[in-house]
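Structure assessment
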Amino acid sequence: MTTARAPGKLMLFGEHGVVYGYPCIVTAISERLVVGPGESRGDTRFIDAAVKAWGKPGETFVAESSFSGKYGFGSSSAVTVATLKAIRSGATNQEVFDTAYKIVLEIQGKASGFDVAAAVYGGTLYYVKDKTIESLPITDIPLVVGYTGIKANTTALIEDVARKRAAEPEKVERIFEAIGKLVIDAKEKMIEANWERVGRLMDFNQEYLRDLGVSSEKLELLISAAKGVGAWGAKLSGAGGGDCMIALVSKEKRQVVEEAITQVGGQVIHITTGAPGVRVDR
Ligand code: MEV
């Protein structure tokens, strides 16, 4: 009987552009999903698809999560990846990634696969769809995470952006190009652990996401609360519309930033970054 676990993720830079071939940076987090044999329950679409791909007919699996699916930490990808690994423990990361990405695309439609990559490889990754999965030499990222209390609809937000891109191709492509450049700069500054600069880049990334129309009042409220008490930078993380924001903070400022986020109605979630990728538990 094999069980396997896979981590959740947080998008650090480059959301939305990554769907169109621009780079992003994602980190795997300490929150994780464990899948093992058992009576399936809840939303079993991803488990069922993984069994259909690699399992035996009638095989059932159950997922135990250390986090709520509402946070946008990538539970669908993590459950798919962990189920595949539980079925075929000897599969390579590449095999798990390819099959899991296909499943997620079939069920969710348009997606870049960055969350599948985080669940499979772990760590902090520089990711370009269909091209690059590069593990970055970065350990602890000084992040504060604030949940807005609103569950984002990723598919709807991706479709919104697609509509905008069709209506105003030049404007949207310009935004993606600017985000893409900023991601390359962020990668370098993160490796240097120049967090003050990385924070500034988060602010710029957030401005572009605002122009793209994917931010929300609640996200802006949490972001300005964090910035108002001295975060180095802050932005939404993921599709936008709700889910979580992230702020980069110094050790000294962590507590006041957490308090400021809570005061405006956000929920602080404690995680660590750069968690290991999928692994067999036994
Ligand atoms: C959603 O978490 C991030 C998006 O870029 C979608 C994706 O990359 O699959 C909006």
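**Some details on helix α2 (residues 75-87)**
The end-to-end C-alpha distance of α2 is 18 Å, a good match for the 18 Å that 13 residues give at a rise of 1.5 Å each. With 10 of 13 residues buried, α2 is to be regarded as a mostly interior element. All buried positions along α2 are accounted for by S77, A78, V79, T80, V81, A82, T83, L84, K85 and A86.

**Considerations on the site of the ligand**
In the vicinity of the ligand, the residues found are K9, E15, H16, V18, V19, A111, S112, F114, T154, I158, G238 and A239. Within the backbone of H16, an N or O atom sits 2.9 Å from an oxygen atom of the ligand. Within the side chain of S112, a nitrogen or oxygen atom sits 2.6 Å from an oxygen atom of the ligand. Bound to the protein, the ligand loses 95% of the 300 Å² it would expose on its own. Its residues assigned to classes, the shell around the ligand shows six nonpolar, four polar and two charged. Looking at the shell around the ligand, you find at least three residues from each of domain 1 (3-139 + 273-281) and domain 2 (143-269).

**Describing the nonpolar core**
Within the largest apolar cluster, 93 residues are counted, with the highest numbers of intra-cluster contacts made by F13, I25, F73, V81, M190 and M245. Here the element with the most residues in this core is helix α6 (residues 169-191); it accounts for eight residues. Shared between two domains, this core holds at least three residues of each, these being domain 1 (3-139 + 273-281) and domain 2 (143-269). For M190, the residues in contact, after removing those within four places along its chain, are L12, F13, I25, T124, I138, I141, W195 and V198.

What counts and how
Residues numbered from 1 in each chain as written. Predicted model: local features only at pLDDT ≥ 70, side-chain atom pairs only at ≥ 80, totals over all residues. Heavy atoms only, no water. Helix = DSSP H or I, 4+ residues; strand = E, 2+ residues; numbered from the N terminus. Expected span 1.5 Å × (residues − 1). Buried < 20%, exposed > 50% of the residue type's maximum accessible area, 1.4 Å probe, protein only. Near = heavy atom within 4 Å. Polar contact = N/O pair within 3.5 Å; in protein donor to acceptor, adjacent residues only side chain to side chain. Areas by Shrake-Rupley, 256 points an atom, 1.4 Å probe, with all protein chains shown as cover. Nonpolar A, V, L, I, M, F, W, Y, C, P; charged D, E, K, R; others polar. Domains from an automatic or database assignment. Core = buried A, V, L, I, M, F, W, Y, C linked by side-chain atoms within 4.5 Å. Contact = heavy atoms within 4.5 Å.

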